[in-house]
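Spelled out from the first residue to the last, the chains are:
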Amino acid sequence: MISFIASRISFAALVLLLLSGFVFTLFFVAPGDPARIVAGERATEAQVAMVRENLGLDRPVIEQYFSFLGRSLSGDLGFSYRNQQPVIELIKNRMPATISLCIGAVIMWLCMGIPIGIMSARHPGSVRDRLGQGFVLVGVSFPSFVLGMAALYFLYFLPRQAGFTLFPPGGYRSFLENPLIWAWHMALPCFTLALLSAAIYARLTRGQLLEILGEDYIRTARAKGLSERKVVYKHGVRSIFPPLTTQLGADIASLLGGALVTEQVFGLQGIGSLAVQSVQTQDRPVIIGVVMLAGFFIVLANLVVDFLYFLLDPRIRS
Amino acid sequence: MSSEIKQRSSFELTIRRLIADRAGLVALAFLVVLIVIAVGADAIAALTGHSSAEQFRETGLTPTGLPVPPNAEFVFGTDQLGRDVFVRLAYGARISLSIGFVASLLAAIIGITVGLVAGYFGGWIDAVLGRAMDLVMSIPVLLCMLSLVAVFGPSLTLSLAVIVFFSWTTMGRVIRGQVLSLKEREFVMASRSMGAGHLSIMVMDILPNLGAPIIIYTTMMVPISIIFEATLSFLGLGIVPPAPSWGGMLAEAANNSIYMFAWWLVLFPGLALLLTTLSFNILGDAIRDALDPKSTVKRSTKKKSRPIGSES
Amino acid sequence: QEPQTGGTLRILGTAEVDRFDTVPPATADTGSFFRATTRQLINFAASEDPAEQIAPQADLAASVPTATDDGTTYTFTLREGANWDAPDGARQIVADDVERGFMRLCNPYIPAPAVSYFEDLVVGFADFCAGFAEVEPTVEAMKAYIEESDISGIETPADDTVVFHLNYAANDFIYLLTLPVTTPAPVEVLDYLPDSPEYRENYISSGPYTIASYIPDTSLTLSRNPAWDAESDPLRNAYVDEIEVIAGVQPDAAMQQLQSGDGDMLYDINVPPVTVQMLTMQGDEKISTLAEGASRMIWINTVSDNNDGALRDPLVRQALNYAVDKAAVVQQVGGPEFATPLNGIFPLGILGHHDFEPYPTPDSQGDPERARALLAEAGYPDGLSLKMPFRNAGNGAAEAQVLQASLQEAGFEIELIPTPASDFYPRLITNFDNALNGVWDLVPSGWSPDWPGGAARSIFQPQYTYDGTHGTFNFSDYNNEAANEIAERALSTTDLGEAELLWNEVDEVVMADPPTVPLISQTTVLYHGARVENFLPYAAGGNGDWTNVWLNR
Amino acid sequence: MTLLSVQNLTIDIPTGDGDVQAARDVNFSVQEAELFGIAGESGSGKSVLSQAIMGLLPQAKISGQINFQGSDLLKLPPKQMQRLRGNRITMISQDPLSSLHPFYTVGDQITEAIRTHRETSARDALAEAIEVLGRVGIHEPGQRVHDYPHQFSGGMRQRVMIAMAIVLRPALLIADEPTTALDVTVQAQIIALLNEMRKELGTAIIMVTHDLELLSSVADHAMVMYAGNRMEIGPAEAVLRTPAHPYTLGLLRSSPSHDVRGDLESIPGQPPSLLVEQKGCAFAPRCALALEICSGKRPPLRRFEDGTQSLCWLENKAERGRVAAAPVPSDDEASQSDIVVNVSDVRLTYGGQSFLSNKPGVEVLKGVSLQLPRGTTLGIVGESGCGKSSLARIIAGLTPPGSGDVQIEGESIVGLDRRAWVEMRKRIQMVFQDPFGSLNPKRRVGSIIGDPFRIQKVASGIDRKNRVRDLMEIVGLNPEHYNRFPSEFSGGQRQRIGIARSLALNPSIIIFDEPVSALDVSIQAQILNLIIKLQRELGLSYLFISHDLAVVRHVSSRIVVMKDGQVVERGDTQTLYDNPQHPYTRELLAAADPQYRNAGSAPVVDRGLIA
Ligand SMILES: Nc1ncnc2c1ncn2[C@@H]1O[C@H](COP(=O)(O)OP(=O)(O)OP(=O)(O)O)[C@@H](O)[C@H]1O
Ligand SMILES: Nc1ncnc2c1ncn2[C@@H]1O[C@H](COP(=O)(O)OP(=O)(O)OP(=O)(O)O)[C@@H](O)[C@H]1O
Ligand SMILES: [Mg+2]
Ligand SMILES: [Mg+2]
């Protein structure tokens with residue numbers, strides 16, 4: 001186990017190194033000029049050159065990269081070109097929204113996908129099965145920005161025009177301040193994001209459970225005289241957790257992508273919108289910081305997933 | 001004679017089961033119609049007399065530049081530039097479907113190759129390829145896409161490349177897993193004992209057994225790619241206007257708040273997207289059921305019986 | 001209706017207020033923020049009257065002075081009671097603060113682009129800046145330089161008197177002084193790098209509001225500045241108690257919130273034409289317009305060798321001017337309320353604008369035949385293939401496609417190249433190498449003068465003059481000696497009527513050899529929430545004036 | 001006293017292709033404390049029958065009566081049936097490896113059974129679970145109760161299943177092939193254990209199996225099923241010593257016996273599809289004694305004095321007695337000096353070499369030597385996991401040995417280059433255990449059998465096709481079926497395909513790795529006959545691996561006994577049987593001989609069960 005964790009951590013380090021190299025090269029391959037953005041569109045060449053020098057952008061790429069690596073090892077990701085805040089600070093400010101969004105969405109999609117999948121697997125081919133699968137399929141059939149905008153339009157704007165408030169217009173409220181308001185604000189974004197993946201989980205659950213319900217040990221459970229409910233939930237559903245966990249690990253990366261769009265639509269100031277903003281303003285230190293952070297989280301989440309898997313499947317444990 | 005009939009029975013059975021699945025058949029029919037529309041987009045344009053990029057500033061726009069709703073001239077209405085939404089949808093089908101097909105096909109080919117090689121050879125090759133897949137999966141896709149487009153500018157090729165780059169891993173993992181168990185099967189050992197080389201075993205023995213996951217995952221990947229392109233369009237990273245894609249049309253409707261007024265700009269492309277995705281998913285399910293008779297038996301036996309769980 | 005005080009004004013934006021410091025380059029939207037927290041010698045009144053919107057008024061200055069010495073000397077008296085919200089309590093703004101403000105403009109850490117307007121104009125400023133450029137960009141070095149140097153053209157004979165000496169007469173100097181970059185600087189700011197986090201933390205306001213809290217990228221809350229004295233400020237009424245600027249709201253979400261009353265005003269969001277038309281149809285009266293002198297045009301690349309240098313031929317450029325359907329562009333942005341076809345370089349609302357049509361077309365809808373004929377005459381009977389990058393954001397794609405459609409009809413094959421907004425100006429267009437190498441042939445572009453009203457200089461100089469060093473917004477180094485000569489006269493005459501005629505002449509001379517295809521004069525459409533009363537457009541902020549609205553509670 | 005009586009039970013299972021008639025008009029009864037055996041070929045409906053009794057076939061259409069302790073189980077409301085299930089009637093199934101939930105501890109699964117039917121505290125239930133685990137012979141049950149199933153060996157898992165089945169002292173225990181998946185030695189112990197439970201608790205046991213030898217030694221009554229029909233029923237002794245029905249007789253004759261070598265008398269053909277309505281006797285098409293009437297009319301029930309009843313048109317018992325088998329050619333004729341396979345001191349270790357893990361490898365083969373003279377068969381027996389397959393793979397050249405040498409016809413196969421190795425394939429071939437797994441399901445039989453030609457680039461086109469057809473004829477397949485897929489063949493036919501493929505390149509040596517263990521006795525006999533015939537006609541040399549002594553003995557002239565990666569005994573077949581030297585050989589023989597398996601006299605050695 002320890003060697004496993006060690007290898008995972010070294011892999012994480014490798015991922016981060018490669019990612020940072022990738023992003024760094026990406027922005028140096030192209031002659032994009034953050035200095036011009038900082039100096040202003042109307043600045044003269046001389047002024048731009050001055051800013052370029054101040055930002056250290058005139059130094060050789062390799063040198064910049066290594067000084068960046070050195071600094072980031074000590075936890076310093078540099079300063080935003082845009083508002084000169086430390087990148088770490090910016091990311092820290094943005095974390096709560098993104099974390100709330102992602103965790104909320106994961107919980108929601110599990111709460112939608114798994115029960116629907118179970119229902120479908122228990123009555124395969126039935127009307128309920130088709131309806132359930134159809135519902136979740138609608139979720140994957142639309143790009144998330146359409147879902148988000150529809151949610152805002154129908155659940156915020158129209159009720160508001162009609163004179164009552166169903167959901168807030170977006171924005172993030174701190175959980176620590178008031179968990180209820182937090183939940184109220186997170187409901188629509190989380191739902192939008194969750195709908196994307198709910199289908200995958202519903203189908204995965206359905207397929208796996210159908211398979212498992214045909215296993216010998218399920219017959220054993222029935223032969224014991226257990227109620228059907230217990231057979232399905234205690235013996236059947238328990239067995240789909242390991243594959244679901246694996247899927248979860250694979251979904252983290254796309255989750256962040258979905259969060260990016262969702263944050264945009266719902267005006268959540270999270271990591272995703274920070275990324276969009278930084279790309280739009282060529283705020284290189286922030287982009288690199290965000291990409292590396294995202295990579296770090298994906299690797300970390302996968303580590304957690306592996307660990308969960310380890311806990312969930314006793315066969316691996318020993 | 002009977003052997004002649006039976007020769008194809010496995011394939012035949014699959015087709016028979018496929019045809020017996022009504023939902024699957026409807027889905028297939030819809031996709032065929034869609035492909036016909038996509039291929040015949042020029043004909044549709046000729047029929048309506050509207051090309052996809054032509055702007056009807058007189059009849060297709062109000063004097064203040066608002067699009068007009070569906071009417072006799074424009075069956076699906078016009079967009080914010082006074083272009084025929086119906087014609088653009090047809091051309092959009094062309095682009096969206098090509099993106100879907102090409103991206104999924106490329107991703108499938110890469111995924112199959114990598115999965116096959118990794119699973120078959122195992123050892124350090126598997127370790128390296130497996131880590132490579134992990135690495136790709138650890139990359140925040142959209143973020144990198146954003147950066148890439150910021151650097152290279154949006155283009156169809158770039159969108160395709162990115163979609164492919166980030167979606168082959170799913171296929172790769174599935175194939176690898178399957179190959180890991182397939183290569184332990186005795187028929188592989190049997191081939192080996194007859195002196196078959198690696199390539200022969202991979203192509204002749206293992207590949208034919210991967211048909212089901214390949215078809216299923218490729219059909220699933222098509223709508224995912226189409227939607228991915230839509231998201232890219234929304235972020236301004238999609239294909240180059242005035243070429244229409246469904247996602248691009250939705251993104252245009254979304255970006256200028258025009259959807260609050262011109263519902264038809266969201267409804268029709270949205271519907272097209274929804275039906276296409278649904279069709280691919282249903283078709284994928286149908287193919288899976290047809291390829292795997294076990295699941296068909298299971299389903300059809302249980303369909304007729306009362307649910308196992310009911311106790312009252 | 002009686003004004004009401006109190007309440008929190010909620011401003012919605014996609015991006016945050018980008019600058020707290022007036023020195024580094026800031027977006028035009030930041031003008032609203034500066035209006036609330038800083039004061040300049042001269043400023044504009046918030047008003048619904050287009051004429052009043054662009055009339056310079058005394059702000060810090062007790063009155064608007066007239067030039068002496070043939071227009072080369074301006075003497076200002078500072079208003080009493082105009083205070084800094086200094087750490088040790090309210091402190092009167094003095095003449096040295098005004099000079100210090102100018103000194104910071106050419107700091108070597110992050111200089112103000114607008115410094116170019118003053119460098120040649122103010123006596124001794126160029127020398128000062130040349131010296132400053134040699135200084136290390138550190139707080140200590142810059143502070144030392146500012147403290148021991150002097151701009152000879154800015155005299156401070158008394159605490160309440162500032163005298164500007166100009167190298168030559170400039171009849172728009174008063175307008176220049178409305179720019180936020182001319183904001184005085186208190187002595188404390190020398191201890192921080194411009195707009196650094198420390199600067200923001202120790203913000204010293206001179207306007208009616210000051211910063212109460214700031215969460216980067218998320219929200220900025222302004223509260224009343226205790227050091228501000230209403231008596232000393234003729235332009236700002238400061239009815240609301242607090243102003244909250246919320247970032248990260250997408251345009252259509254923002255519009256929904258405004259219509260629902262969850263938001264009051266917009267920060268960096270343009271009201272989409274469709275929405276305005278919808279609102280107009282619904283009889284919503286919370287719509288107002290503001291002419292800031294913004295215009296759109298197509299720039300023509302006259303320096304590349306593409307098509308064997310076809311675009312260097314004035315005939316081809318004239319053909320382009322005939323080809324474009326300007327009415328379609330107007331329609332595209334929402335109709336005549338939002339824009340009018342433009343035929344010269346000076347848009348509506350700018351001193352120098354006049355109605356003329358050098359390349360007349362029926363109803364401004366373009367004349368493809370005429371264009372084709374000219375093209376053929378120039379030796380391109382089969383038309384030309386041109387690359388046109390466009391800014392892939394907002395209305396950019398729609399506009400590009402409209403242009404493509406009408407140019408196509410006149411025989412110009414247009415290849416559209418979508419370019420991310422972040423890349424369009426900084427990387428693609430302002431980089432002269434790209435023009436030389438023929439990366440683009442045509443490019444739809446826009447320009448707003450740095451200040452409203454008498455801003456012909458701010459349109460002509462950066463775009464249409466070339467003095468040997470490449471100007472950023474003169475995309476293909478256009479230069480016209482005849483026009484330059486007339487412009488010089490227009491700037492130095494003290495007679496504004498004569499100036500106007502001279503500018504008209506400049507316009508005609510330039511358009512005879514057109515480096516651009518002028519498209520439209522734009523009007524900004526403003527919208528606000530239902531609670532907001534006394535919504536008056538403030539020209540330098542491009543939006544309603546935060547300091548003059550009150551909330552209907 | 002009658003505990004269970006099944007009357008006129010008919011079971012139809014609806015499927016997509018139509019109704020499967022899995023049981024037809026079946027009658028039998030089981031007394032208290034009795035061991036009732038059900039036998040029959042695969043697919044004859046044994047499992048369906050036992051599941052029907054348990055009420056685990058909700059989707060099936062069932063008619064008739066299942067009377068258990070006075071109530072008809074088929075009419076019982078589901079709730080009440082649920083209460084009986086696992087409590088009064090319990091079940092253990094064939095595969096102990098997959099019948100326990102992998103994610104719950106053994107203790108949890110047993111206590112769950114207890115607490116479903118009885119109000120007890122978790123603690124008491126656990127104590128009870130520990131107690132019952134001890135009773136079924138799990139050592140240190142107090143600790144093992146917290147282990148997960150995967151931490152137990154197959155035999156132990158089956159014991160856990162039994163523990164779970166008897167913990168509530170059921171009146172009836174249905175054991176569906178409880179030992180098929182287990183080693184012979186372990187099998188004997190499980191049977192002994194079941195017998196003991198029967199005596200101790202008075203539980204009646206229905207034992208489903210296709211091992212007739214086993215039944216004849218342990219069962220009180222036996223029932224033989226075929227295609228859903230009860231073909232014969234009666235006292236076990238009578239049914240299995242003097243069968244009345246030709247089918248029972250056929251089954252018995254197909255079993256390789258301990259004292260006769262040579263051709264077995266197999267039942268030709270294969271069982272019918274259950275989807276088709278049966279008109280006459282289901283067995284008629286395969287029956288050597290079939291009369292005209294057999295295929296037209298459903299046979300009547302015949303009763304005989306010894307208590308057996310048979311469903312047959314024959315009025316008398318079918319003939320008993322064996323046809324004298326043709327003797328296997330004596331090995332003495334083969335020159336002992338012509339050794340075609342010479343294995344000397346082969347060792348093999350799995351794992352351990354990698355620098356990533358410092359675990360010591362598992363030494364699977366610890367110095368094995370053997371010789372195979374030309375034209376003879378060498379049998380290799382040993383319990384599961386002793387390294388038989390590993391050895392076979394090394395000899396076949398598929399796995400390089402850790403050390404030692406293998407010579408095929410005098411040529412070492414160790415360290416051959418790729419070309420020589422491929423060339424070597426022509427001399428030595430292998431036939432695998434699993435006829436389902438060793439044929440690529442996605443390829444046509446013709447191309448599977450033609451694979452050796454393709455790979456070795458020997459023949460192509462029409463030539464290849466003709467050769468394949470010839471091969472199919474040799475092994476008794478219809479060459480017309482050239483284009484079918486493997487799934488369209490029965491297990492026995494598939495094994496023929498495998499054999500045909502191995503013959504393609506005219507090898508001199510064939511290694512059989514448990515070629516018949518997945519097949520029914522009747523089919524097994526067909527294949528064994530084929531193997532022997534081919535050897536006779538083509539002069540092949542065989543290495544024959546099996547864990548079934550009877551089978552090995554039937555085909556081999558010499559036998560090697562393996563245990564833990566070592567050869568513990570070797571000798572010619574007869575000598576080895578008559579005078580086993582090594583205690584392990586004796587143990588194997590004892591376990592395989594039904595006489596030893598009767599309760600009481602079973603040599604229950606707890607070897608191997610408790611890890
Ligand atoms: N759930 C089911 N649905 C449809 N057909 C079934 C089902 N279960 C069993 N059958 C069919 O019923 C027949 C009898 O099967 P069963 O499992 O009882 O045979 P068996 O005698 O136990 O064979 P084996 O020795 O292989 O275990 C077979 O043809 C089988 O395919
Ligand atoms: N590829 C492998 N890697 C590691 N261990 C293996 C491998 N193959 C087999 N083993 C182990 O080697 C031992 C011998 O295996 P082998 O398959 O030779 O036994 P066997 O006698 O053929 O058993 P069976 O009767 O079950 O077929 C077993 O303990 C098995 O778990
Ligand atoms: Mg001075
Ligand atoms: Mg069975």
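Preceding this section is the structure that the text describes.
The following paragraphs examine the structure supplied in this document. (Residues numbered from 1 in each chain as written. Chains lettered and ligands numbered in written order. Predicted model: local features only at pLDDT ≥ 70, side-chain atom pairs only at ≥ 80, totals over all residues. Heavy atoms only, no water.)

1. So, the overall build of chain D
Okay, step 1: Scanning chain D from terminus to terminus reveals 20 helices and 22 strands.
Okay, step 2: The C-alpha radius of gyration computed for chain D amounts to 26 Å, which stays within 12% of the reference 25 Å derived for 611 residues, consistent with globular compactness.
Okay, step 3: Projected onto its principal axes, the C-alpha positions of chain D cover 70 × 65 × 50 Å.
Okay, step 4: Buried positions account for 58% of the 611 residues belonging to chain D.
Okay, step 5: Considering only contacts in chain D between residues 6 or more positions apart, those separated by 24 or more positions represent 68%.
Okay, step 6: Split by element, the accessible area of chain D, about 23,900 Å² in all, is 49% carbon and sulfur.
Okay, step 7: For chain D, the distance from the average position of its 64 positive side-chain charges to the average position of its 67 negative side-chain charges is 5 Å. (Helix = DSSP H or I, 4+ residues; strand = E, 2+ residues; numbered from the N terminus. Rg over C-alpha atoms; globule rule 2.2 N^0.38 Å. Buried < 20%, exposed > 50% of the residue type's maximum accessible area, 1.4 Å probe, protein only. Contact = heavy atoms within 4.5 Å. Areas by Shrake-Rupley, 256 points an atom, 1.4 Å probe, with all protein chains shown as cover. Lys, Arg positive; Asp, Glu negative; His and termini not counted. Charge placed at Lys NZ, Arg CZ, Asp CG, Glu CD.)

2. A word on the nonpolar core
Okay, step 1: Ranked by size, the top nonpolar core spans 291 residues in total, and within it F118, F125, F164 and F412 of chain C carry the most contacts.
Okay, step 2: For this core, the element with the highest residue contribution is helix α8 (residues 179–213) of chain A, accounting for 15 residues.
Okay, step 3: Counting only domains with at least three residues in this core, you end up with domain 1 (2–74) and domain 2 (88–313) of chain A.
Okay, step 4: Beyond its immediate sequence surroundings of up to four residues, F125 of chain C is in contact with F102, L105, C106, V115, F118, E119 and I151 of chain C.
Okay, step 5: Counting 64 residues, the second-largest nonpolar core is a separate cluster that includes L194, C281, F283 and C294 of chain D. (Core = buried A, V, L, I, M, F, W, Y, C linked by side-chain atoms within 4.5 Å. Domains from an automatic or database assignment.)

3. Quick notes on the pattern of salt bridges
All names here are of chain D.
Okay, step 1: Counting across every chain of the model gives 54 salt bridges over all chains.
Okay, step 2: Two residues, R286 and E41, come together in a salt bridge whose shortest N-O distance is 3.0 Å. Remark: E41 occurs in the loop between β3 (35–40) and α1 (46–54) and R286 occurs in the loop between α10 (246–254) and β11 (301–303); sequence separation between them is 245 residues. A single burial state applies to R286 and to E41, both of which are buried.
Okay, step 3: Each of D338, R374, E409, E411 and R427 takes part in salt bridges that share partners, so that together they form one network. (Salt bridge = Lys/Arg side-chain N within 4 Å of Asp/Glu carboxyl O.)

4. As for the pairing of strand β16 (residues 412–419) of chain C
Residues and elements named next belong to chain C.
Okay, step 1: Bridging between strand β15 (residues 384–391) and β16 involves eight bridges; their strand directions are parallel. The residue of β16 that forms the bridge with S385 is E413.
Okay, step 2: As for the winding sense of the linkage, the β-α-β connection from β15 through helix α14 (residues 396–409) to β16 is right-handed. (Pairing = 2+ DSSP bridges. Right-handed = clockwise from strand over helix to strand, strands pointing away.)

5. Brief notes about the site of ligand 2
Residue and element names in this part refer to chain D.
Okay, step 1: Contacts to ligand 2 come from Y350, V364, E383, S384, G385, C386, G387, K388, S389, S390, R393 and E514.
Okay, step 2: Here G387 contributes a backbone N or O atom positioned 3.0 Å from an oxygen atom of ligand 2.
Okay, step 3: Here the element with the most residues in the shell around ligand 2 is helix α11 (residues 388–395); it accounts for four residues.
Okay, step 4: Here the residues of the shell around ligand 2 are counted per class, giving three nonpolar, five polar and four charged. (Near = heavy atom within 4 Å. Polar contact = N/O pair within 3.5 Å; in protein donor to acceptor, adjacent residues only side chain to side chain. Nonpolar A, V, L, I, M, F, W, Y, C, P; charged D, E, K, R; others polar.)

6. Focus: the interface of chain A and chain D
Okay, step 1: Each partner contributes residues to the interface: chain A has 21 residues there, and chain D has 26 residues.
Okay, step 2: Counting the surface lost from both chain A and chain D, the interface buries some 2,200 Å², and carbon and sulfur atoms represent 57% of this.
Okay, step 3: There are two salt bridges connecting chain A and chain D.
Okay, step 4: Note that K224 of chain A is salt-bridged to E112 of chain D, the shortest N-O span being 2.8 Å.
Okay, step 5: On inspection of chain A and its partner chain D, the count reaches 13 residue pairs in polar contact (both at pLDDT 80 or more).
Okay, step 6: Among the secondary structure elements, those contributing two or more residues to the side of chain A that touches chain D are α9 (216–223), α10 (228–266) and α13 (314–317) of chain A.
Okay, step 7: Looking at the side of chain A that touches chain D element by element, the count peaks at six residues for α9 of chain A.
Okay, step 8: Partitioning the side of chain A that touches chain D into residue classes produces six nonpolar, six polar and nine charged. (Buried area = accessible area lost by both parts, 1.4 Å probe.)

7. A short note on the site of ligand 1
Residues and elements named next belong to chain D.
Okay, step 1: Around ligand 1, a shell composed of 15 residues is seen, among which S42, G43, K46, S47 and V48 lie nearest.
Okay, step 2: Interatomic distance of 3.2 Å between a backbone N/O atom of S44 and an oxygen atom of ligand 1.
Okay, step 3: Residue G45 places a main-chain N or O atom 3.1 Å away from an oxygen atom belonging to ligand 1.
Okay, step 4: In the complex, 68% of the free accessible area of ligand 1, which totals 640 Å², lies under the protein chains.
Okay, step 5: Mapped onto the shell around ligand 1, the elements with two or more residues apiece are β1 (2–15), β2 (18–31) and α1.
Okay, step 6: Its residues assigned to classes, the shell around ligand 1 comprises five nonpolar, seven polar and three charged.

8. Regarding the interface of chain B and chain A
Okay, step 1: Listed by partner, the interface residues are 44 residues for chain B and 50 residues for chain A.
Okay, step 2: For the pair chain B and chain A, the summed buried area comes to about 4,200 Å², and 75% of that belongs to carbon and sulfur atoms.
Okay, step 3: On the chain B side of the contact with chain A, S138, L143 and F234 of chain B bury the most area, a combined 12% of that side's loss.
Okay, step 4: For the interface between chain B and chain A, the tally reads zero salt bridges.

9. Brief notes about α9 of chain A
Think of an α-helix as 3.6 residues a turn; residues three or four steps apart then line up on the same face.
Okay, step 1: A large share of α9 of chain A lies buried, amounting to six of its eight residues.
Okay, step 2: Taken together, the buried positions of α9 of chain A are Y217, I218, T220, A221, R222 and A223 of chain A.
Okay, step 3: Those residues of α9 of chain A that are buried lie in contact with α8 and α10 of chain A together with α1, β6 (89–92) and α6 (154–166) of chain D.
Okay, step 4: Among the residues trailing α9 of chain A, G225 of chain A stands out with phi positive, at a value near 95°.

10. Description of the environment of E148 of chain C
All names here are of chain C.
Okay, step 1: Looking at the secondary structure, you find E148 in helix α6 (residues 139–148).
Okay, step 2: A relative accessible area of 66% places E148 in the exposed class.
Okay, step 3: Between the C-alpha atom of E148 and that of L320, which follows or precedes it by 172 residues, the distance is 55 Å.

11. Some remarks on the coordination of the magnesium ion (ligand 3)
Okay, step 1: Bound to the magnesium ion (ligand 3) on the protein side are D150 of chain C (OD) and I154 of chain C (O), at distances that span 2.2 to 2.7 Å.
Okay, step 2: By relative accessible area, D150 of chain C is classed as exposed at 51%. (Donors = N, O, S within 2.8 Å, 3.2 Å for Na, K, Ca; no water.)

12. Observations concerning the state of the cysteines
Disulfides are covalent bonds that connect the sulfur atoms of two cysteines.
Okay, step 1: Under the criterion given, the structure shown has one disulfide over all chains.
Okay, step 2: C106 of chain C shares a disulfide with C129 of chain C; S-S distance 2.1 Å. One quick way to see it: the torsion about the S-S bond of C106 of chain C and C129 of chain C is about -85°, and its sign makes the bridge left-handed. Here C129 of chain C lies in helix α5 (residues 125–133) and C106 of chain C lies in the loop between α3 (95–104) and α4 (115–119), a separation of 23 residues in the sequence. For the pair shown, C106 of chain C and C129 of chain C are each scored as buried.
Okay, step 3: The thiol sulfur of C102 of chain A is not disulfide-bonded, and the nearest other cysteine sulfur, from C190 of chain A, lies at 8.5 Å.
Okay, step 4: Residue C102 of chain A is classed as buried on the basis of its relative accessible area, which comes to 10%.
Okay, step 5: Take C190 of chain A: its relative accessible area is 4%, and that puts it in the buried class. (Disulfide = S-S within 2.5 Å.)

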